[in-house]
Amino acid sequence: MTTILVTGGTGTLGRLVTERLRADGHEVRVLSRHAQQYAVDLRKGGPALDAAVAGVDTIVHCASSPGGGDEEAAGHLIAAAHKAGVRHLVYISIVGVDRVPFGYYKSKLAVERLVEESGLGWTVLRATQFHDLLVRVFAMVSKLPVMLLPARVKDQPVEVAEVADRLAELAQGAPAGRVEDMGGPEVRTFDSLARAYLKATGRRRLVVSVPLWGKAYGGFRSGGHLTPGCAVGKATFEEYLGQRFGGGRGV
């Protein structure tokens, strides 16, 4: 069994990846800004990062920040990996980062390129949005009596536990380059997903679809973030909602 480092190992995805790898008998180091043993800010790097990577065979890079700094963090991680002789770097990205000109997606694509050009053995998996991300979005926009949503946008949410299973599988294999995308089982209109959320939570809101503008919106509207040919996920959004919320609670 090997020693594997999971960056962002206390997050939604990284925590599950860590659990899978440990269940398979690997020694797993959890790196995040708040991890007990390997508390490292990847954007700063330094001796603490070098210590965390020393003796590691594989890195699963789940850490990410929509607020910026991902490219700098990846640069520090790759440099430390070279020093430590890491064999395999696995990176989780997002479907559509090369087709939707959205700021966070541009950053994820830039990190992909850093990984590919790193000189390390590498694997990149792109996945669609996680169910829980949609729930966070819907919870925010349903605070008002009218739920405003972008018009003519669809989504293909996937269960994070299934993505964690796939990442753990890839981490235990040989470097595979860019692997097949991983999408949820259904491509759904955004408003139908919102109504499913409202039903599951017992909320009553008026759902209104609003046309937006800009290149990023155009990319989402054209489905650049979808992968219907790779709808390999099993759990539907309704199944996720049922497990998370049970019966509607009324808000």
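Calculation notes
- Just so you know, the residues in each chain are numbered from 1, in the order the chain's sequence is written.
- Thresholds applied to this predicted model are a pLDDT of at least 70 for local features of residues and 80 or more for the giving and counting of side-chain atom pairs; totals over whole chains, interfaces and linings are not thresholded and use all residues.
- Only heavy atoms go into the side-chain values, all of them from the structure, while hydrogens and water stay out.
- Strands are runs of DSSP state E lasting at least two residues, helices are runs of H or I lasting at least four, and both sets are numbered from the N terminus onward.
- Contacts are residue-level and defined by heavy atoms, with any inter-residue pair within 4.5 Å sufficient.
- The term salt bridge refers to a pairing of a side-chain nitrogen on Lys or Arg with a carboxyl oxygen on Asp or Glu at a separation within 4 Å.
- Think of it in three bands: with a 1.4 Å probe and only protein chains considered, a residue is buried below 20% of the maximum accessible area for its type, exposed above 50%, and partly exposed in between.
- In this description, one arc is meant: the one made by directions from the helix axis to the C-beta atoms.

Asker: Tell me about the environment of Ala 196, and name the residues and values.
Answerer: Tracing the backbone through its elements, the reader meets Ala 196 in helix 7 (residues 190-201). With 42 residues separating them in the primary sequence, Ala 196 and Glu 238 have C-alpha atoms 6.7 Å apart. Those residues in contact with Ala 196, other than ones at most four positions away along the chain, are Arg 188, Phe 237, Glu 238 and Leu 241.

Asker: Describe the pattern of salt bridges, naming the residues involved and giving the relevant values.
Answerer: Inspection of the entire model under this criterion finds 14 salt bridges. Among the ionic pairs, Glu 169 bridges to Arg 166, the shortest N-O distance being 2.9 Å. Pair noted here: Glu 169 and Arg 166 are both in helix 6 (residues 160-171), with a separation of three residues, about one helical turn. With relative accessibility at 26%, the residue Arg 166 sits in the partly exposed group. The salt bridge partner of Asp 191 is Arg 195, with a shortest N-O separation of 2.8 Å.

Asker: Tell me about helix 5 (residues 131-141), and please be specific about residues and values.
Answerer: Here helix 5 has its buried residues at His 131, Asp 132, Leu 134, Val 135 and Phe 138. Considered in projection along helix 5, the buried side chains sweep an arc of 155° and stay on one side of the axis. For helix 5, the elements touching its buried residues are helix 1 (12-23), strand 7 (146-150), strand 8 (154-155), helix 7 and helix 9 (237-245).

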